[in-house]
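Here's the letter readout for the chains.
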Amino acid sequence: MDADKAYIVGLLHDIGRRFGKRHLGHVIDGYRYMMDLGYDEAAKICLTHSFNLQSIDNYVGNRDTTESKTEEIIQKLEEAVYDDYDRLIQLCDAISGPGFVMDIIDRMNDVKNRYGSYAQDKWDYNIYLKSCFEERMGRDLYEAVEKETFHI
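Residues numbered from 1 in each chain as written. Predicted model: local features only at pLDDT ≥ 70, side-chain atom pairs only at ≥ 80, totals over all residues. Heavy atoms only, no water.

A. Molecular detail of the packing of aromatic side chains. This model, assessed by the stated rule, comprises four aromatic pairs. Centre to centre, the rings of Tyr118 and Trp123 are 5.7 Å apart; their planes meet at 85°, and the pair counts as edge-to-face. The exposure classification of Tyr118 matches that of Trp123, with both residues buried. Judged by centre distance (5.4 Å) and plane angle (45°), the rings of Tyr125 and Tyr128 are tilted. A residue pair is termed a helical-turn pair when its members lie 3 or 4 positions apart in one helix, as Tyr125 and Tyr128 do in helix 7 (residues 120–137) at three residues. Residue Tyr125 is classed as partly exposed on the basis of its relative accessible area, which comes to 21%. With relative accessibility at 46%, the residue Tyr128 sits in the partly exposed group. Lying over the aromatic face of Phe19, Arg18 brings its terminal NZ or CZ to 5.1 Å of the ring centre. (Phe/Tyr/Trp six-rings, centres within 6.5 Å; stacked < 30°, edge-to-face > 60°. Buried < 20%, exposed > 50% of the residue type's maximum accessible area, 1.4 Å probe, protein only. Helix = DSSP H or I, 4+ residues; strand = E, 2+ residues; numbered from the N terminus. Lys NZ or Arg CZ within 6 Å of the ring centre and 35° of its normal.)

Spelled out as structure tokens, the structure:
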């Protein structure tokens, strides 16, 4: 993987929030914004980072989109071909706290507590992603991201 590309798409994955505090809406806002700028790969990450199972069915959060925007998300997810950048940003999102790295279980429990549920298959897939990237790196994820010392 290209570290610079991963860093850039990681920085941009929530760019849809520039249009206001949105939940599901930030996904399509970011996707459209990056597409309008001609950054197709970043746009895809804006779309895919919230859907590790490539389906809107297990989205955790408020569905604050119109019916047409929701349908657009569903259509774009069906068309998307996930790659390691999608998966890496999904994993990083699953360990990101406000300014620090969280334990993945703590992060998913935090989301579950805020929204009342967290689909088991989404939970299990996040754990799977963690193990896949740890195997590829040959080291513990939390060590790689300096969990104990990294703070913004």
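B. The arrangement of the pattern of salt bridges in detail. If you walk through the whole model with that rule in mind, you get 15 salt bridges. With its nearest N and O atoms 2.8 Å apart, the salt bridge here joins Glu134 to Lys130. With Glu134 and Lys130 both in helix 7, this residue pair falls four residues apart, about one helical turn. Judged by its relative accessible area of 14%, Lys130 falls in the buried class. Within this structure, Arg22, Asp29, Asp64 and Lys69 form a network of salt bridges that share partners. (Salt bridge = Lys/Arg side-chain N within 4 Å of Asp/Glu carboxyl O.)

C. Molecular detail of unusual backbone geometry. Phi at Gln54 takes a positive value of approximately 60°, unusual for a residue other than glycine. With relative accessibility at 30%, the residue Gln54 sits in the partly exposed group. Located in the positive-phi region is Glu146, a residue other than glycine, with phi close to 55°. You can see Glu146 is positioned in the segment after helix 8 (141–144). Residue classification places Glu146 among the partly exposed residues on the basis of a relative accessible area of 49%.

D. Focus on helix 7. Over its 18 residues, helix 7 extends 26 Å from the first C-alpha to the last, a length consistent with the 26 Å expected when each residue adds 1.5 Å. Within helix 7, the full set of buried residues consists of Lys122, Trp123, Asn126, Leu129, Lys130, Phe133 and Glu134. Around the axis of helix 7, the buried residues are gathered within 130° of arc, so they sit on the same side. The exposed set on the far side of helix 7, more than 90 degrees from its buried face, consists of Glu135 and Arg136. On its buried face, helix 7 is in contact with helix 5 (84–93), helix 6 (104–115) and helix 8. Phi turns positive one or two residues past the end of helix 7, at Gly138, with a value near 70°. (Expected span 1.5 Å × (residues − 1). Arc of directions from axis to C-beta. Contact = heavy atoms within 4.5 Å.)

E. Molecular detail of the nonpolar core. In terms of nonpolar packing, the biggest core is built from 36 residues, with Phe51, Ile73 and Ile104 touching the most fellow members. Apart from residues no more than four positions distant in its own chain, Ile73 is found in contact with Leu24, Ile28, Leu47, Phe51, Ile56 and Thr65. (Core = buried A, V, L, I, M, F, W, Y, C linked by side-chain atoms within 4.5 Å.)

Limitation: the analysis is restricted to geometry and does not speak to function.
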